[in-house]
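The residues making up each chain are set out below.
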Amino acid sequence: MAVPFYLKNVISSVVISESLGILPSQFSQANSIYGYVSLPSYFIGGWLADKISLKKLTLVGLASIGVVGLWYGFIPFIATAKVIQVYLIFALWSFITCFIFWAALWKLLSEQGKPEENGKLNGIHGSLNGLIGTVIIAIAYLVFFLFGTVWKSSLGDWAFPALVFIFTGFIIANCFLIFFFVPEDKTTKKDGESDFSLKSFKNILFNWKIWLVSILILGVYLYQSGLSIFVTYMQDVLLITASLVVVFGILRTYLFRFFFSTYFGKMADKSQKYILFIIIGLAVASVLCLIAVIVPGFSENSFTNMSKGSKTLVQVSVVTMYLGLGITCWALVTNRWATIYVINISQKDYGMAVGFISLIAFSADAWFWQIDSILLKNLGSEAGHVDNKLANQISIIIILCFGLLAMIAGGVLIYATKKEAQKNLSKQVLTN
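For the protein, an unreviewed UniProt entry supplies the name Permease and the organism Mesoplasma entomophilum. Comment text from UniProt for the protein, heading Subcellular location (unreviewed entry), reads "Cell membrane".

Caption draft 1: Molecular detail of the layout of surface pockets. Approximately 360 Å³ is the volume attributed to the second largest pocket. Broken down by element, the residue count for the lining of the second largest pocket peaks at 5 residues, all from helix 5 (residues 118-150). When its residues are assigned to classes, the lining of the second largest pocket shows 11 nonpolar, 7 polar and 2 charged. Of the domains in this structure, domain 1 (1-182) and domain 2 (198-431) are the two that each give at least three residues to the lining of the second largest pocket.

Caption draft 2: Representation of the nonpolar core. Core analysis: the largest hydrophobic core is formed by 65 residues, its most contacted members being Tyr223 and Phe230. Taken together, the elements giving at least two residues each to this core come down to helix 9 (208-226), helix 10 (228-237), helix 11 (242-271), helix 12 (274-294), helix 13 (308-335), helix 15 (350-361), helix 16 (364-379) and helix 17 (389-431). Per-element tally for this core: the top contributor is helix 13, with 11 residues. Among all residues touching tyrosine 223, those that are not within four sequence positions of it are Leu282, Ala285, Ser286, Cys289, Leu325, Cys329, Ile399, Leu400 and Gly403. Of all hydrophobic cores here, the second largest spans 48 residues; its members include Ile22, Leu62, Cys98 and Ile166.

Caption draft 3: Quick look at the side chain of aspartate 372. Topologically, aspartate 372 is positioned in helix 16. Lysine 8 is the oppositely charged side chain nearest to the buried, salt-bridge-free aspartate 372, at an N-O distance of 9.3 Å. Within polar-contact distance, the side chain of aspartate 372 engages the side chain of serine 395 at 2.9 Å. Residues within four places of aspartate 372 in sequence aside, it is in contact with Ser28, Ile229 and Ser395.

Caption draft 4: Local environment of unusual backbone geometry. Of note, alanine 81 is a non-glycine position whose phi angle comes to about 50°, a positive value. Tracing the backbone through its elements, the reader meets alanine 81 in the loop between helix 3 (54-73) and helix 4 (82-110). If you check the backbone angles, leucine 239 has positive phi at about 60° while not being a glycine. Classification of leucine 239 by relative accessible area gives partly exposed; the value is 48%.

Caption draft 5: Quick peek at the packing of aromatic side chains. Counting across every chain of the model gives 21 aromatic pairs. Judged by centre distance (5.1 Å) and plane angle (55°), the rings of phenylalanine 74 and phenylalanine 165 are tilted. Of this pair, phenylalanine 74 sits in the loop between helix 3 and helix 4 while phenylalanine 165 sits in helix 7 (residues 159-181); the two residues are 91 residues apart in sequence, bridging distant segments of the chain. We classify phenylalanine 74 as partly exposed; its relative accessible area is 39%. Judged by relative accessible area, which is 23%, phenylalanine 165 ranks as partly exposed. Ring geometry for phenylalanine 77 and tryptophan 158: centres 4.6 Å apart, planes at 50°, overall tilted. Residue phenylalanine 77 is located in the loop between helix 3 and helix 4, and its partner tryptophan 158 is located in the loop between helix 6 (152-155) and helix 7; the two are separated by 81 residues in the primary sequence. By relative accessible area, which is 38% here, phenylalanine 77 ends up partly exposed. Three or more aromatic residues link up through ring pairs in this structure, and these residues are Phe27, Tyr72, Phe90, Trp93 and Phe160.

Caption draft 6: Inspection of empty space enclosed by the protein at higher detail. Using the criterion set out here, one finds 3 cavities of 30 Å³ or more in the structure. The space that makes up the largest cavity amounts to roughly 90 Å³. Breaking the lining of the largest cavity down by element, the ones donating at least two residues are helix 1 (13-20), helix 2 (24-49), helix 10 and helix 16. Per-class residue counts for the lining of the largest cavity are 5 nonpolar, 5 polar and 1 charged.

Caption draft 7: View of helix 16. Across its 16 residues, helix 16 extends 21 Å between first and last C-alpha, which sits within 8% of the 22 Å expected from 1.5 Å per residue. Among all positions in helix 16, only Ala364, Asp365, Ala366, Phe368, Trp369, Gln370, Asp372, Ser373, Leu375 and Leu376 are buried.

Caption draft 8: Highlighting helix 9. An ideal rise of 1.5 Å per residue puts 27 Å on 19 residues; helix 9 measures up with 26 Å between its terminal C-alpha atoms. Of all 19 residues in helix 9, 16 are buried; the element is thus mostly enclosed.

So, how was this worked out
- Residues numbered from 1 in each chain as written.
- Predicted model: local features only at pLDDT ≥ 70, side-chain atom pairs only at ≥ 80, totals over all residues.
- Heavy atoms only, no water.
- UniProt positions renumbered as here; feature names shortened; annotations may be inferred.
- 1 Å grid on protein atoms, 1.4 Å probe; cavity = no way out; pocket = protein on both sides within 12 Å on 5 of 7 lines; lining within 4 Å.
- Points joined across faces, edges and corners; volume = space filled by probe spheres on them.
- Helix = DSSP H or I, 4+ residues; strand = E, 2+ residues; numbered from the N terminus.
- Nonpolar A, V, L, I, M, F, W, Y, C, P; charged D, E, K, R; others polar.
- Domains from an automatic or database assignment.
- Core = buried A, V, L, I, M, F, W, Y, C linked by side-chain atoms within 4.5 Å.
- Buried < 20%, exposed > 50% of the residue type's maximum accessible area, 1.4 Å probe, protein only.
- Contact = heavy atoms within 4.5 Å.
- Lys, Arg positive; Asp, Glu negative; His and termini not counted.
- Salt bridge = Lys/Arg side-chain N within 4 Å of Asp/Glu carboxyl O.
- Polar contact = N/O pair within 3.5 Å; in protein donor to acceptor, adjacent residues only side chain to side chain.
- Phe/Tyr/Trp six-rings, centres within 6.5 Å; stacked < 30°, edge-to-face > 60°.
- Expected span 1.5 Å × (residues − 1).

Here it is as structure tokens:
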């Protein structure tokens, strides 16, 4: 479902913006608008998922995304108000996915097993998502490549629209599959479950452990979504061939999810130490990210002035770090929602908790891409060449800083929950 607006994970943002006929900074601004609209939508969506049929919400979300996707595909042919329309499309995508779809999806998934199986459930979901995503994006990019290079004279203008329409077609087809083959389970909602009240909202708002989990997941999400910066970084700054960058993007975004999600989900379930698992993953990701941002140097011409052998070494190093980050990130993403059970949130408040955590953790969609847009405007030419290097590096350093902050939040959470468990055990001993 997320493929149309997550294209930046596999294709350079510069290429996408050129295909749409807008500037890279404007494309980053569109992603930022997605984030701004998502802020209230995530939280309200959590409440909505507790009140309305999950199947109906899923169908409405998928169908609406498909319709907006058709509009997005025609943008290259529109001459007037192009930028405004792209902004509106991303705003609509944000409202539909965050208000209608995501909370319903995660709650539906959480109901398919026991709390201690949460990692495995997310892992299986992630693996299937990765396998299907790999096939779809490979087909779509092959069409994009053929239209844009081999048949450029006759079909070049349709390269990007065809790419988007393929995704849209699969999304609409998925609606039919869900409608006809997915039965609706009406027995999961218990009496009095998740009725919104000021008291329940207050309980969520003043639960300090939920705030720490929010910061922890914020760090995870920045590594997950912010890695799309690496796609532009590798292609336009380190001058790696575009087709190779797409292959690396597919590996990181989809195929690695297929290979590693279930494995890491089971691993975390076996230990039952989800927060520690995420802290270790964040530490690994931070080291990989630091190496990737340092090796090309920070001056404007530090990479271009290198010898051919040194350039190749830097390119191989950054690609290796990028792929390593991809594996690490799917380990983190697979287990991020399992942390809710660690802090003992009931199923009754699960949807609301997910919505509140999402409001904090996914706020990066707004402010991170806003910062990236400003950096591209002021530190680069937006032409997709090495003069955007420093802007990309600063964005990656911002991701690194919040990864470290998330590790601290996770450490505090482990310490606090351990002390709380010891205190409760002492009370039980005294009572007995």
